[in-house]
Amino acid sequence: MSMMNMEWYRIFLHTARTGNLTRAAQELHITQPSVSYAIKQLEDALGVKLFDRQSKGVALTSEGRTLLDYVEKSFTLLDNGERQIASLRNYTSGELRIGASGPIIKHLLLSPLDELRAQHPNVRIRLFQGNTADIRTRLIEGQIDLGFVHLPYVDPELQIKPLTAIQGCFVVGSAYKELARQPITPEELNKLPLLLLSRGSHTRLFIERWFAEHGIAAEVDMELNSSEMLVELARHGYGAAYVTHSFVQQELREEALFELTTTAPIPERYIGVATRSSASLSLIAEHFMGLLSTT
């Protein structure tokens, strides 16, 4: 439907509701001849007569009444759409759909999510926890709008923007707390029972590379799929767990866990946000990205 045809239908709607060409023109702020012309053009385009001319106005024909039903529904849908867009623009509706790992949620996202919920309580927050492969799949399938991943990460179908650096560390429970009194070498660390995330995760690959850089093949005693379980088992004395430092700040303050200082520093890692290359961000997602940069 062209813009000109759209205007014909709007004029038709007002004429049908008022039953008078002059009153329709007044409502639309155009001239009466313009109304007559548009009705004539619409009738010619459709090949039917829409109005019978009467002494005091116009009356819909049978075909006109049929058309009116569809035109009213169409303009109602358009009006509803405009109101919905206004709601989205003002953040009084809509949803934020994001995916991230547990540590990233805790380290990076909780604070801006709290702020978003306080500012715009009507925005629905949909949060998916998963690894990088899961997040990529959901991004490509359009199930989430923003995916937070560990860098480096390259994918031709995604745009990836670096956000912030994070620091990892090895922690132990009270059973091994004496080891936290002085720096420990990578070789000595590898002699402890190691608690790491499951094979294939970016975090696991990162720490295995760190050991390999020092000529060590990491011997892993326990492979777990969540940082929460790593922390819990470390607290119970099962060995040294590699976790994000900010993820265990409270446990370190309370001395439920103790950080091992390594003689060879563990490098920082970086977190980035991934979006589909072919998709535009929603207003809410863009607003959340702004919150990320200020919290």
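For the structure, check the block above.
Scope of this entry: the structure provided in the associated data block. All of these numbers come straight from a predicted model, not from anything done at the bench.

Turning our eyes to something else, we now look at the sheet that holds strand 5 (residues 146-151). The 5 strands are arranged 4-3-5-12-6 in an open sheet whose pairing can be described as mixed. Each edge of the open sheet carries a strand with a single partner, namely strand 4 (124-129) and strand 6 (158-166). Along the sheet, successive strands turn relative to each other by an average axial angle of 25°, direction set aside. For strand 3 (residues 95-100) and strand 4, the ladder comprises 6 bridges, and the chain directions are parallel. By the bridge assignment for strand 4, Ile 98 is matched with Leu 127. Against the sheet, helix 6 (residues 132-140) touches strand 3, strand 4, strand 5, strand 6 and strand 12 (269-276), its axis set at about 145° to strand 5.

Interaxial distance between helix 2 (residues 21-28) and helix 3 (residues 32-46) falls to 8 Å at its minimum, and their mutual angle equals 105°. Of the possible angle classes, the one that applies to helix 2 and helix 3 is roughly perpendicular. Listed contacts from helix 3 to Leu 21, Thr 22, Ala 24 and Ala 25 of helix 2 are Gln 32, Val 35 and Ser 36.

Let's shift gears to the layout of surface pockets. In this structure, the largest pocket spans a volume of roughly 490 Å³. Lining the largest pocket we find 30 residues, and of these Ser 101, Gly 130, Asn 131, Leu 197 and Ser 201 sit closest to its centre. Of all the elements in the fold, those that place two or more residues in the lining of the largest pocket are helix 5 (102-119), helix 6, strand 5, helix 8 (202-213), helix 9 (227-235) and strand 10 (240-244). The greatest single-element share of the lining of the largest pocket, amounting to 4 residues, is contributed by helix 6.

This part is about the packing of aromatic side chains. A complete count under the given rule lists 6 aromatic pairs for this structure. Ring plane angle 55° and centroid distance 5.3 Å describe the contact between Phe 170 and Tyr 242, whose orientation is recorded as tilted. Highlighted residues: Phe 170 in strand 7 (residues 168-172) and Tyr 242 in strand 10, separated in sequence by 72 residues. On the accessibility criterion, Phe 170 (1% relative accessible area) is buried. An angle of 70° between the planes, with centres 5.0 Å apart, marks the rings of Trp 210 and Phe 211 as edge-to-face. Overall, Phe 211 belongs to the buried group, its relative accessible area being 0%. Among the aromatic residues, ring-to-ring pairing joins Phe 170, Phe 206, Trp 210, Phe 211 and Tyr 242 into one connected group. It is Lys 106 that lies over the ring of Phe 247; its NZ or CZ is 4.3 Å from the centre.

Let us now look at helix 3. Over its 15 residues, helix 3 runs 21 Å from end to end, which matches the ideal 21 Å to within 8%, given 1.5 Å per residue. Along helix 3, the residues classified as buried are Val 35, Ala 38, Ile 39, Leu 42 and Glu 43. Mapping the buried residues of helix 3 onto a view down its axis gives an arc of 135°, with all of them on the same face. Seen from the open side of helix 3, the exposed residues pointing more than 90 degrees away from its buried face are Pro 33, Tyr 37 and Ala 45.

With an omega of 5°, the peptide bond between Leu 151 and Pro 152 qualifies as cis. Structurally, the position occupied by Pro 152 is in the loop between strand 5 and strand 6. Within the chain, His 29 stands out as a residue other than glycine whose phi angle is a positive 60°. Even without being a glycine, Glu 255 presents a positive backbone phi close to 60°. Looking at where Glu 255 falls in the secondary structure, it is placed in the loop between helix 10 (249-253) and strand 11 (258-260). Note on Glu 255: relative accessible area 56%, which makes it exposed.

Parameters and conventions
- Residues numbered from 1 in each chain as written.
- Predicted model: local features only at pLDDT ≥ 70, side-chain atom pairs only at ≥ 80, totals over all residues.
- Heavy atoms only, no water.
- Pairing = 2+ DSSP bridges.
- Helix = DSSP H or I, 4+ residues; strand = E, 2+ residues; numbered from the N terminus.
- Axes fitted to C-alpha atoms, helices over the stretch in contact; angles between N-to-C directions.
- Contact = heavy atoms within 4.5 Å.
- Parallel < 35°, antiparallel > 145°, perpendicular 65-115°, else oblique.
- 1 Å grid on protein atoms, 1.4 Å probe; cavity = no way out; pocket = protein on both sides within 12 Å on 5 of 7 lines; lining within 4 Å.
- Points joined across faces, edges and corners; volume = space filled by probe spheres on them.
- Phe/Tyr/Trp six-rings, centres within 6.5 Å; stacked < 30°, edge-to-face > 60°.
- Buried < 20%, exposed > 50% of the residue type's maximum accessible area, 1.4 Å probe, protein only.
- Lys NZ or Arg CZ within 6 Å of the ring centre and 35° of its normal.
- Expected span 1.5 Å × (residues − 1).
- Arc of directions from axis to C-beta.

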